[in-house]
Amino acid sequence: MTKIRVNTGNSKVVNGKLFISGLKAVQVSKSKVLGDLINHGNSIVFPNLGKLVEYNGSYIRVKN
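One structure accompanies this document, and this report is about it. Only a predicted model underlies this, so the values are computations on that prediction, with no experimental measurement involved. (Residues numbered from 1 in each chain as written. Predicted model: local features only at pLDDT ≥ 70, side-chain atom pairs only at ≥ 80, totals over all residues. Heavy atoms only, no water.)

Here we come to the sheet that holds strand β3 (residues 17-21). Spatial strand order, β2-β3-β5-β4: 4 strands in an open sheet with antiparallel pairing. In the strand order of this sheet, the two ends are held by β2 (11-14) and β4 (38-46), each with one partner. When strand polarity is set aside, the average angle formed by the axes of neighbouring strands in this sheet is 35°. Relative to β3, β2 runs antiparallel, the two being bridged by 4 bridges. (Pairing = 2+ DSSP bridges. Helix = DSSP H or I, 4+ residues; strand = E, 2+ residues; numbered from the N terminus. Axes fitted to C-alpha atoms, helices over the stretch in contact; angles between N-to-C directions.)

Structure (structure tokens):
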């Protein structure tokens, strides 16, 4: 399975769930398979990052 690369600048983990920025969601959604793993119905607003949407797939956390 393909994993997306995320960092603290484009994502947050809240209660064990990964939330990604709108820009990252657009990049991920270019892949049909990965795009289906984005849950636009479940989102949070985080200070300095704005609206984040839930991502239900595999990911790799990297440092900025």
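So, next bit.
It is worth spelling out the side chain of S21 at this point. Relative to the assigned elements, S21 resides in strand β3. For S21, a relative accessible area of 12% translates into the label buried. From its side chain, S21 meets the backbone nitrogen of K24 in a polar contact 3.2 Å long. Residue contacts for S21: discarding those within four places in its chain leaves N10, K51 and L52. (Buried < 20%, exposed > 50% of the residue type's maximum accessible area, 1.4 Å probe, protein only. Polar contact = N/O pair within 3.5 Å; in protein donor to acceptor, adjacent residues only side chain to side chain. Contact = heavy atoms within 4.5 Å.)

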